[in-house]
Amino acid sequence: MGSSKAELTWHGQPFADRIARLLIRATGGPLIVVTAPEQEPPPLPAQATVVTDAHEGRGPLEAIAAGLRALSADAVAYVCSTDVPLLHPALAEHVLASADTETDIAVCETDGRLHPLAAAYRARTLPEIEALLAEGQRRPIALFDRVPTRVLNRSALLANEAVARLDGSLESLANLNAPADYERAHALELPLIAVERFGLLRSEGSESSTRTHERAATLGGLAKAAGIELDGHVVAALNGEQVTTDAALPLVAGDRVSFLTADGGG
Amino acid sequence: MASVTLAPPGYFGSLLEIDLTQGSRSSELSPQLLRDYVGGCGLGTRLLLDHAPAGVDPLSPEAPLIFTFSPLVGTPLTTSAKFAVVAKSPLSGCVNDAMCSSHFAIAGKLTGHDAIVIRGACSGPTAVVVDGAGVRLEPADELWGLSAAEAEARLRERLGSRYRVGAIGPAGERLVRYATLSHDGRHAGRGGLGAVLGAKNVKAVAVAPSRKVPSADPHRVIELARELRERSFGAATAKYRELGTLANLLAFNALSTLPTRNFKDASFEGAEALSAEQLSTLRERTRASCASCTIGCEHIYPTRDGSNVRVEYENVFALGPMCGVADPDIVLEASKRCDELGLDTISAGGTIAFAMECAERGLLSASWLRFGDGAALLRAIDEIGVRRGLGDLLAEGSKRVAEEIGEDAATFAPHVKGLELPGYEPRTLQSMALGLAVNPRGADHNRSGAYEADLSGDLDRLDGGPAHVAAAVETEDRAAIVDSLILCKFLRGAFAEPMHEWAGLLASVTGWDISEAELETTARRVVLAKRLFNLREGWTRADDWLPERVLSEPITLSSGREATLPRERLVGMIDEYYERRGLDSDGLPTPATLAAHGLETH
């Protein structure tokens, strides 16, 4: 691609920042970002913890080990690369939920190809990973034969109602490896977001109905599309949960954003 | 020869004590006391500490009812025409300070007193009159039974239009524990102050101005007033001007912070029909302002019979979603009846909603009382206002009703310290959850504005922790100052550096060289004084708590996620709150804290 994938942008938002924020949405955190030794971390949200590979050049298995070492022993982590800006939190949530107590790894598979960087790993697999690394293994697939692993093929992924509805073509798994991939990702329609306005914002809005729809990749983009200025007098709530003024908040298909005046209460 | 201390500008330095049995007298309020407590709620709390006998029955003759004014009242500063009414609450047994607005504040202060204490009791219905001639008691038999508004009008006809009147309605006469005291249609609403006055057989208090009071720097006051007026026209107050506080309802519904059916839910399917957005589109409305106010937050809607009612978020929440009622005509009518009877709408709605749930569960023998039944809501209000039938029990408030019913009723009675919860769901506003739990007055949204932090986007409103505690303390301190100055909280968004700017306003009127730091200490002193009063009246740490329902039942958000407020989280926040307030683990002030605020003798 000619530059670090993590620094590439999708509709103005760096890949790593977008993916990190989406994973925080999906999991509630903590969020671990693994970089190569001496690699400058890309722009990331404040909640991210950055760790580095213990050894350079030992591939994704080393990176997974570095990330799992930063988590508690009973954690289960969704692991992905930084070139999947079309990730939908619903898919990450489904994969994580598939890693039940009997399963150490839940990994996606499409068209017969496993996606070890679209998978949930239990931190208790760390000893096996360390052993594989000691044997010189670099590929995560080698781990799947050693620990209880559940493969989630296309139909298993789409069996989840939210994944089927919100990411039916499984764009969450689309790695942008080549310029053509990048161009295709940018050519896709932006996510369709439901917009609600309350109070004065409703009377100022162009639509009189309670809910309208706009396409946007971030909250800032949505506000602009909706003709709302995200100044100190306006806040937004994502899917009826957290209130925010963060213009960089990534949005995905199916999101609902409520705009309200900042002086709630009283 | 007694020495007379010169009062600071903005004050008369005078306390008027009216003993309804033994006569009245004036005494001096020292400049230091005024500086330490400013006025309004702060001064009223300190006077309550000094004048209420320990353990006094709030409905006994010995219990004082205190009107306090403030240094800013009577200046051209916008929203400053406010007064506080302070007493021991017959509902909670705790300190109760309620605010009210408009001409009574100005006329009351210009009687020449910074505070008026009323104690004792009259043998029959009485109006207390304070004017240039002093204090007199006039018979008020013909006013008894009237609404506060009617009594006010009749008394002004008798005395003259320069008199301003605070009065109680039928609920106050019948000692409903959440009866209001009102002036010009606005209520000192919470905690049952109307019952305190009613227990003294006082239907009304009339005041007429007879004195003037200078400001230290009148030119500066006018300059600041001009600036503040301009700011009051800006975006920070637009919500109040354009839609009023009812603008909260639909937004709160979307955020699952709208308590519904006695806190069983946090969103209401009928919210749209009750919203300001819809009501303001479908109905004619008028706007009104308090005296000296440039915001004009009052939105007045017609009821079905053509009369008018002021509509606020809290009365619509309490009489609408809280009771499961979605018909706006019923909710407006219910609000109007509460106004006429002199009932606090929050406590009325909360108590009725609780009774509806008790009835549905078979804990209360009232088959007619069901969630969503508008006729039942209106009947319950009417019965409470005159203590008829079931209303005699419900007039006691949800805490006492739960104690009377027994079984598990206390677990879902919607109160803190006996005061019914306002329209802020604690499970989805967890800074506010702490504010509601520890507030000395009980569950109250005016003495703790912690919801501001929850709705700012700066905190995770669903997961309370140390940052939420800091926010709760800060908003409680700000409220203590605003309510003592006194200014309207709807102006709060117009101040970029509130404490600093408030110190400047106070300095211009009083001439005090007062800093932001001193005002912050004053805020802590006021909050501490309230806690000390409660402590003397039997408060324990167990009273700083929330209803069991809030701590044991999750709320499902519109996203499907569940919001919970586990006990241990609330305990942790309360522990940290105590530490920040200089209290020990039982919530008692340490000697160092008392000394730092000049309260060591208490």
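A. Spotlight on the interface of chain A and chain B. In this complex, chain A contributes 24 residues to the contact, which on the side of chain B involves 32 residues. Together chain A and chain B conceal approximately 2200 Å² of surface at their shared face, both sides included; 55% is due to carbon and sulfur atoms. A salt bridge links E241(A) to R561(B); the nearest nitrogen and oxygen atoms lie 3.1 Å apart. The interface formed by chain A and chain B holds nine residue pairs in polar contact (both at pLDDT 80 or more) in total. When contributions to the side of chain A that touches chain B are tallied by element, the ones reaching two or more residues are helix 9 (200–204), strand 11 (234–238), strand 12 (243–244) and strand 13 (256–261) of chain A. A per-class count over the side of chain A that touches chain B returns six nonpolar, 13 polar and five charged.

B. Geometry of empty space enclosed by the protein. Taken as a whole and judged by the stated rule, the model has five cavities of 30 Å³ or more. Volume-wise, the largest cavity comes out at about 990 Å³. Contributing to the lining of the largest cavity are 41 residues, with M99(B), H187(B), E312(B), N446(B) and F490(B) lying nearest its centre. Mapped by element, the contributors of at least two residues to the lining of the largest cavity are strand 5 (95–101), strand 11 (186–188), helix 12 (313–319) and helix 14 (345–360) of chain B. When residues in the lining of the largest cavity are grouped by element, the largest group, four residues, is from strand 5 of chain B. Residue composition of the lining of the largest cavity, grouped by class: 15 nonpolar, 13 polar and 13 charged. Here the second largest cavity defines a volume of roughly 80 Å³. Residue lining of the second largest cavity: F198(A), G199(A), L200(A), L260(A), T261(A), G264(A), K239(B), A247(B), N248(B), A251(B) and F252(B), and that is the complete set. Every element with two or more residues in the lining of the second largest cavity is listed here: strand 13 of chain A together with helix 9 (248–254) of chain B. The dominant element in the lining of the second largest cavity, judged by the number of residues it contributes, is helix 9 of chain B, at three residues.

C. Highlighting helix 21 (residues 498–510) of chain B. All names here are of chain B. With 13 residues, helix 21 should cover 18 Å at 1.5 Å per step; its first-to-last C-alpha distance of 18 Å lies within 8% of that length. Most of helix 21 sits inside the fold, with 10 of its 13 residues counted as buried. Those residues of helix 21 that are buried lie in contact with helix 7 (218–232), helix 20 (466–485) and helix 22 (516–536). Trailing helix 21 by a residue or two, G511 shows a phi angle of about 80 degrees, which is positive.

D. Fine view of the sheet that holds strand 5 (residues 76–80) of chain A. All names here are of chain A. The strand order 5-7-6-8 describes an open sheet built from four strands, whose pairing is mixed. Edge strands, defined here as strands with exactly one partner in the open sheet, are strand 5 and strand 8 (149–152). Averaged over all pairs of adjacent strands, the angle between strand axes in this sheet comes to 25 degrees, irrespective of strand direction. Alignment of strand 6 (residues 105–110) against strand 7 (residues 113–122), held across six bridges, turns out to be antiparallel. The residue bridging A106 from the neighbouring strand is A120, located in strand 7. Across the sheet, helix 2 (residues 59–69) is in contact with strand 5 and strand 7; its angle to strand 7 comes to roughly 20 degrees.

Definitions and cut-offs
- Residues numbered from 1 in each chain as written.
- Chains lettered and ligands numbered in written order.
- Predicted model: local features only at pLDDT ≥ 70, side-chain atom pairs only at ≥ 80, totals over all residues.
- Heavy atoms only, no water.
- Contact = heavy atoms within 4.5 Å.
- Buried area = accessible area lost by both parts, 1.4 Å probe.
- Salt bridge = Lys/Arg side-chain N within 4 Å of Asp/Glu carboxyl O.
- Polar contact = N/O pair within 3.5 Å; in protein donor to acceptor, adjacent residues only side chain to side chain.
- Helix = DSSP H or I, 4+ residues; strand = E, 2+ residues; numbered from the N terminus.
- Nonpolar A, V, L, I, M, F, W, Y, C, P; charged D, E, K, R; others polar.
- 1 Å grid on protein atoms, 1.4 Å probe; cavity = no way out; pocket = protein on both sides within 12 Å on 5 of 7 lines; lining within 4 Å.
- Points joined across faces, edges and corners; volume = space filled by probe spheres on them.
- Expected span 1.5 Å × (residues − 1).
- Buried < 20%, exposed > 50% of the residue type's maximum accessible area, 1.4 Å probe, protein only.
- Pairing = 2+ DSSP bridges.
- Axes fitted to C-alpha atoms, helices over the stretch in contact; angles between N-to-C directions.

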